[in-house]
Amino acid sequence: MVRAGLTVERLVEAAAELADEAGFDRLSVSALARRFGVKDASLYSHVRNLQDLRARLALYAGGELIDRIAAAVAGRAGKEALAAYAGAYRDYALEHPGRYAATQIRIDQSLIADSAALRRTAEITYGMLRGYGLAEPDLTDAVRLLRSTFHGYCVLESAGGFGADRDVHASWDKAVDALHLALTHWPREGKNDD
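Source: prediction; values computed, not measured. (Residues numbered from 1 in each chain as written. Predicted model: local features only at pLDDT ≥ 70, side-chain atom pairs only at ≥ 80, totals over all residues. Heavy atoms only, no water.)

## Regarding the pattern of salt bridges
What counts is decided by this rule: The rule for a salt bridge is simple: a side-chain nitrogen of Lys or Arg has to be within 4 Å of a carboxyl oxygen of Asp or Glu. In this description a helix means any DSSP run of H or I spanning at least four residues, a strand means any run of E spanning at least two, and both kinds are numbered starting from the N terminus. Each residue's exposure class comes from its accessible area (1.4 Å probe, protein chains only) as a fraction of the maximum for that residue type: buried when under 20%, exposed when over 50%, partly exposed otherwise.
Under the criterion given, the structure shown has 11 salt bridges. With a shortest N-O distance of 3.7 Å, Arg48 and Asp52 are connected by a salt bridge. Between Lys79 and Asp177 there is a salt bridge, with the nearest N and O atoms lying 2.8 Å from each other. Within this pair, whereas Lys79 is found in helix α4 (residues 78–95), its partner Asp177 is found in helix α9 (residues 168–184), the two being separated by 98 residues in sequence. By relative accessible area, Lys79 is classed as partly exposed at 37%. When salt bridges with common partners are traced through the structure, they connect Glu17, Glu21 and Arg35 into a single cluster.

Here is the structure:
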């Protein structure tokens, strides 16, 4: 019997809160069931297993993240858009560490294809990068550069990995400046630089 009031949406929202509080790696069906005061079996009418719960959380968090980024970049272009994008990304990663960790997992390609949030992520990210005059395959390469830079910085910052006296915000701003320069002077595929 399905417990009244339990829905997939409520479970995913609670999983997001739990992931932020305890860590994404500590998210379990049992921990979530305890939060609702029910047995694990009560949740299996809503989610298939832990992998399904984590995938749903990844899509949920990805939607939250791109909503924040979209609001930040609206009406902006070039370096201003890049800085807004980067700032929204970093703020989300630091404010919601468990949710952010969920956005980094690999999920089933069939779920990705049906995800409006992930399509929107691609549209906004590629749209911003087209402002730098990039086209494929350079767009994919630039997305990978941005994602790895933003992710690496956020993970190191949240773990206290920057020990130098230099302010981490100032270093972040320099990283965004450097990315802007790299995107502006991108070595385009097929272009002969001799």
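Here the narrative resumes.
## Focus on the packing of aromatic side chains
Filter applied, for reference: Each pair of aromatic rings taken from Phe, Tyr and Trp, with Trp reduced to its six-membered ring, is defined by centres within 6.5 Å and is described as stacked if the planes are under 30 degrees apart, edge-to-face if over 60, and tilted in the remaining cases. In this scheme, the term charge over a ring applies when either NZ of a lysine or CZ of an arginine sits within 6 Å of the ring centre and within 35 degrees of the ring normal.
If you walk through the whole model with that rule in mind, you get six aromatic pairs. With a centroid separation of 6.1 Å and an interplanar angle of 35°, the aromatic rings of Tyr85 and Phe150 are classed as tilted. With Tyr85 in helix α4 and Phe150 in helix α8 (residues 138–158), the pair connects residues that are 65 residues apart, well separated along the chain. This pair shows no difference in class: Tyr85 is buried, exactly as Phe150 is. A ring pair is formed by Tyr153 and Phe162, whose centres lie 4.7 Å apart and whose planes are at 40°; its orientation type is tilted. The rings of Tyr85, Tyr89, Tyr100, Phe150, Tyr153, Phe162 and Trp172 are connected pair by pair, giving a single aromatic cluster. The ring of Phe24 has Arg54 sitting right over it, with the charged end atom 4.9 Å from the ring centre.

## Description of the layout of surface pockets
What counts here: The rule is simple: put a 1 Å grid over the protein atoms alone, call a set of points where a 1.4 Å probe fits but cannot get out a cavity, call an open set with protein on both sides within 12 Å along at least five of seven lines a pocket, and count a residue as lining if it has an atom within 4 Å of a point. Grid points are joined across faces, edges and corners, and a volume is the space filled by probe spheres set on the points. The residue classification treats Ala, Val, Leu, Ile, Met, Phe, Trp, Tyr, Cys and Pro as nonpolar and Asp, Glu, Lys and Arg as charged. All others, Gly included, are polar.
Taken as a whole, the largest pocket spans an internal volume of roughly 930 Å³. If you go around the largest pocket, you meet 28 residues; those closest to its centre are Thr103, Leu118, Thr121, Val143 and Arg147. Broken down by secondary-structure element, the contributors of at least two residues to the lining of the largest pocket are α3 (50–73), α4, α6 (109–113), α7 (116–130) and α8. If you add up the space inside the second largest pocket, you get close to 190 Å³. Arg48, Asn49, Gln51, Asp52, Ala55, Ile105, Arg106, Ile107, Asp108 and Leu111 are the residues that line the second largest pocket. Among the elements that take part in the lining of the second largest pocket, α3 stands out by supplying three residues, more than any other. Broken down by class, the residue content of the lining of the second largest pocket amounts to four nonpolar, two polar and four charged.

## Digging into α7
We count it as follows: Given a helix with a known number of residues, its expected span is that number minus one, times 1.5 Å. Throughout, a residue-residue contact means that at least one pair of heavy atoms, one from each residue, lies within 4.5 Å.
Its 15 residues place the ends of α7 21 Å apart at the C-alpha level, agreeing with the 21 Å of an ideal helix rising 1.5 Å per residue. Listed as buried for α7 are Ala117, Ile124, Thr125, Tyr126, Met128 and Leu129. The elements touched by buried residues of α7 are α3, α4, α8 and α9.

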